[in-house]
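# Survey of secondary and tertiary structure
So you can see what is in the structure, the chains are spelled out below.
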Amino acid sequence: MPQRSQNNQKWKVHKFGGTSVLNAERYKNVYQILMSGKSSSKCPKAIVVSAMKGVTDDLIRCTEMAQQQNEAYKKLLTQIHDRHINEASSLLTDKNLKD
């Protein structure tokens, strides 16, 4: 059953994860989808973004390594962090993205 807002409007829900948010270029594609005419209806929107491809598996590996007291989890966690910082920085400095 479609979700409705308090004023009885239908909601449009978009969910992106994995390959669709793999890197900054893919996030730009998500942006284009959200800004396109198909998605710009006046109904309320919910945008759900899950992990970039491979991140969930890497986080699971981190917890397994930490549980085994394998200090290598710190390096993997830093790599995950750096990946997100690099992709976010790329997006934040892109002059082509407009409100």
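Here the structure is a predicted model, which is why all the values come from computation and not from measurement.

Thresholds applied
- Per-chain numbering applies: the sequence of each chain, read as written, is numbered from 1 onward.
- Where totals are concerned, whole chains, interfaces and linings use all residues; where local detail is concerned, this predicted model gives features only for residues with pLDDT of at least 70, and gives and counts side-chain atom pairs only at 80 or more.
- Note that the side-chain values use all heavy atoms of the structure and ignore hydrogens as well as water.
- For helices, the fitted axis covers only the stretch in contact; all axes are lines through C-alpha atoms, and the angles between them, taken along N-to-C directions, range from 0 to 180 degrees.
- Counting from the N terminus, the helices are DSSP H or I runs at least four residues long and the strands are E runs at least two residues long.
- Roughly parallel refers to an angle under 35 degrees, roughly antiparallel to one over 145, roughly perpendicular to one between 65 and 115, and oblique to any angle outside these ranges.
- Note on convention: the crossing is left-handed when the near helix lies turned anticlockwise from the far helix by less than a right angle, right-handed when the turn is clockwise.
- Only heavy atoms enter the contact rule, under which two residues are in contact if any of them lie within 4.5 Å.
- Basically, the charged four are Asp, Glu, Lys and Arg, the nonpolar ten are Ala, Val, Leu, Ile, Met, Phe, Trp, Tyr, Cys and Pro, and anything else, Gly included, counts as polar.
- The quantity called pLDDT is the predictor's confidence in a given residue, expressed from 0 to 100.
- Only residues above 30% relative accessible area that lack a salt bridge enter a patch, with like-charged residues linked at up to 9 Å and the nonpolar side chains Val, Leu, Ile, Met, Phe, Trp and Tyr linked at up to 5 Å.
- All accessible-area figures derive from a Shrake-Rupley calculation using a 1.4 Å probe, and residue coverage is judged against the displayed protein chains alone.
- Put simply, a salt bridge is a Lys or Arg side-chain nitrogen that is within 4 Å of an Asp or Glu carboxyl oxygen.
- Throughout, exposure labels follow a simple rule: accessible area from a 1.4 Å probe, protein chains only, divided by the maximum for the residue type, with under 20% read as buried, over 50% as exposed, and the rest as partly exposed.
- Any helix carries an expected span of 1.5 Å times its number of residues minus one.
- In this context, the arc is that of the directions from the helix axis out to the C-beta atoms.

Between helix α1 (residues 24-35) and helix α3 (residues 72-92), the least distance of the axes is 9 Å, while the angle of their chain directions is 50 degrees. Taken together, the axes of α1 and α3 lie oblique to each other. Every pair of crossing elements has a handedness; the one defined by α1 and α3 is right-handed. Of α3, the residues touching α1 (which contributes Ala24, Tyr27 and Lys28) are Glu87, Ser90 and Leu91. Broken down by class, the residue content of the contact of α1 with α3 amounts to three nonpolar, one polar and two charged.

Moving on: the confidence of the model for the chain. On average, residues of the chain score 87 in pLDDT, and 83% of them are at 70 or above. The lowest-confidence element of the chain is α1, averaging 91 in pLDDT; the highest-confidence one is helix α2 (residues 55-67), averaging 97.

Taken together, the side chains of Trp11, Val13 and Val48 make up a nonpolar region of the molecular surface, amounting to roughly 270 Å² of accessible area. If you trace the backbone, Val48 turns up in strand β2 (residues 45-52).

Let us now look at the environment of Gln9. Relative to the helices and strands, Gln9 is located in the segment before β1 (12-18). In this structure Gln9 comes out as partly exposed when scored by relative accessible area, which is 31%. Once the C-alpha coordinates of Gln9 and Lys42 are considered, the two residues, 33 residues apart in sequence, prove to be 9.5 Å apart.

Along its 21 residues, α3 runs 30 Å from first to last C-alpha, staying within 8% of the 30 Å computed at 1.5 Å per residue. Every buried residue of α3 is listed here: Leu76, Ile80 and Leu91. Buried residues of α3, viewed axially, fall in a sector of 50 degrees; they line one side. Structural note: α3 exposes Lys75, Asn86 and Leu92 on the side pointing more than 90 degrees away from its buried face.

Packed helices, taken two at a time, are described by the angle between their axes plus the distance between the axes. Relative orientation of the contacting elements α2 and α3 amounts to 155 degrees, with a least axis distance of 8 Å. Judged by the inter-axis angle, α2 sits roughly antiparallel to α3. Remark: the crossing between α2 and α3 carries left-handed chirality. On the side of α2, the interface is formed by Val55, Asp58, Leu59, Arg61, Cys62, Met65 and Ala66, while α3 contributes Ala72, Tyr73, Leu76, Leu77, Ile80, Arg83 and His84. Class assignment for the residues of the contact of α2 with α3 results in 10 nonpolar, one polar and three charged.

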